[in-house]
Amino acid sequence: MIETLTFFANSFLAAALLAISIAIIGSIMLINRYNYLAASIAHGSYGGVGMAIYLGIGVVLGATLFAVALALLLAYITYKENRRTDILIGVLWAVGMSIGIIFIDLTPGYNVDLLAFLFGNILLIPKSDLFFMAGVDLVLLLYLSIFYHHILAVAYDKEFALTRGLNVKLIHTLTLILIALTVVMSIRSIGLILVIALFSIPPYIAEKYTKNFISMMIVAGIISFIIMCIGLFVASSLNISATASIIIIAGVLFILTFIRIKQ
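The model shown is predicted, which means the values in this text are computed figures rather than measured ones.

## Side note on the overall build of the protein chain
Reasoning step 1: Counting its secondary structure elements, the protein chain contains 12 helices and 0 strands.
Reasoning step 2: Computed over the C-alpha atoms, the radius of gyration of the protein chain is 18 Å, within 12% of the 18 Å expected from 2.2 N^0.38 for a compact globule of 263 residues.
Reasoning step 3: Projected onto the principal axes, the alpha-carbon positions of the protein chain cover approximately 60 × 45 × 35 Å.
Reasoning step 4: For the protein chain, the share of sequence-separated contacts (at least 6 apart) that also reach a separation of at least 24 residues comes to 78%.
Reasoning step 5: Accessible surface computed for the protein chain: about 12900 Å², of which carbon and sulfur atoms make up 70%.

Structural data, given as structure tokens:
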């Protein structure tokens, strides 16, 4: 009984920590239209997973280093090259995943379930990951408190931000690095494939019913936590994948919101 309670306590704590990161970085992604960049980082980070397994180091460490390096490369490409960035982003996305696949193929005797990294399972989140997730959330809160007005200025009027002397390149780069960290913190709970959906849907819904960025983040965090709690309940009741349940519930809520807005 105690083990079961601890099992679910870790899952709900992970959901709360994820909700904080979704509220902050998900909302920043939305107002900057960075979802495609985030998807590239998420899928490309599989290269770090494969390299970590091949080298025998921690998956979180390997994925973090690879994801941050990928974020820096994307920051440079998207800031310097304004034409056909979609193709460049798509290439990095595919190459990153291919690197991961090749390194896993080269790993002798490797028999760990790859779906654990691609799709995650919040019901099996290790306690060590909770500390990492809390650390990333703390960094996100610090970033938001220090650069709040800079973030809004760059997102809504980049030219105005440049004329005011704001370091647009720094904000752009820091945001992509933080996206990379939030992707890594979500590997075991949500997985690299589905993480972008969860980081996109709650902020999208929140934006439609709020009038400022602060309230948008708060509502996005609440919505994401509720979605994950319902998903956990459904998954445990029907004995199905928790991650898939969470994303399906988020998708249904997105469709209902979209239909209501169109009406």
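Read on, since the account is not over.
## Re the packing of helix α10 (residues 195–208) against helix α11 (residues 213–238)
Reasoning step 1: Interaxial distance between α10 and α11 falls to 8 Å at its minimum, and their mutual angle equals 130 degrees. Between α10 and α11, the interaxial angle falls into the category oblique. Along this stretch, α10 crosses α11, giving a crossing that reads as right-handed. Facing α10, whose interface residues are Leu198, Pro202, Pro203, Ile205, Ala206 and Glu207, α11 presents Met216, Val219, Ala220, Ile223, Ser224, Ile227 and Met228.
Reasoning step 2: For the contact of α10 with α11, the per-class residue count stands at 11 nonpolar, 1 polar and 1 charged.

## Considerations on the side chain of Thr210
Reasoning step 1: Here Thr210 lies in the loop between α10 and α11.
Reasoning step 2: Overall, Thr210 belongs to the buried group, its relative accessible area being 18%.
Reasoning step 3: For Thr210, the side chain forms a polar contact with the main-chain oxygen of Ala206, separated by 2.7 Å.
Reasoning step 4: Aside from chain neighbours lying at most four places away, what touches Thr210 is Ser215, Met216 and Val219.

## Comments concerning helix α5 (residues 85–106)
Reasoning step 1: Helix length check: α5 (22 residues) gives 32 Å between terminal C-alpha atoms against 32 Å at 1.5 Å per residue, within 8%.
Reasoning step 2: Of all the residues in α5, the buried ones are Thr85, Ile89, Leu92, Gly96, Met97, Gly100 and Ile104. Down the axis of α5, the buried set is contained in an arc of 120 degrees. They therefore lie on one face. Counted as exposed and oriented over 90 degrees from the buried face of α5: Asp105 and Leu106.
Reasoning step 3: Packing partners of the buried residues in α5 comprise α2 (35–44), α3 (46–55), α4 (59–80) and α6 (115–118).

## A look at α3
Reasoning step 1: Across the 10 residues that make up α3, a large majority, 7, are buried.
Reasoning step 2: Among the residues of α3, Tyr46, Gly47, Gly48, Val49, Gly50, Ala52 and Ile53 are the ones counted as buried.
Reasoning step 3: Structurally, α3 contributes buried residues whose contacts are with α2, α4, α5 and α6.
Reasoning step 4: Positive phi appears at Gly56, one or two residues downstream of α3, with a value of about 75 degrees.

## Digging into the pattern of salt bridges
Reasoning step 1: Taken as a whole, this structure holds 2 salt bridges when the rule is applied.
Reasoning step 2: Taking the shortest distance from any N to any O, the salt bridge between Lys208 and Glu207 comes out at 4.0 Å.

Rules and cut-offs
- Residues numbered from 1 in each chain as written.
- Predicted model: local features only at pLDDT ≥ 70, side-chain atom pairs only at ≥ 80, totals over all residues.
- Heavy atoms only, no water.
- Helix = DSSP H or I, 4+ residues; strand = E, 2+ residues; numbered from the N terminus.
- Rg over C-alpha atoms; globule rule 2.2 N^0.38 Å.
- Contact = heavy atoms within 4.5 Å.
- Areas by Shrake-Rupley, 256 points an atom, 1.4 Å probe, with all protein chains shown as cover.
- Axes fitted to C-alpha atoms, helices over the stretch in contact; angles between N-to-C directions.
- Parallel < 35°, antiparallel > 145°, perpendicular 65-115°, else oblique.
- Left-handed = near helix turned anticlockwise from the far one by under 90°.
- Nonpolar A, V, L, I, M, F, W, Y, C, P; charged D, E, K, R; others polar.
- Buried < 20%, exposed > 50% of the residue type's maximum accessible area, 1.4 Å probe, protein only.
- Polar contact = N/O pair within 3.5 Å; in protein donor to acceptor, adjacent residues only side chain to side chain.
- Expected span 1.5 Å × (residues − 1).
- Arc of directions from axis to C-beta.
- Salt bridge = Lys/Arg side-chain N within 4 Å of Asp/Glu carboxyl O.

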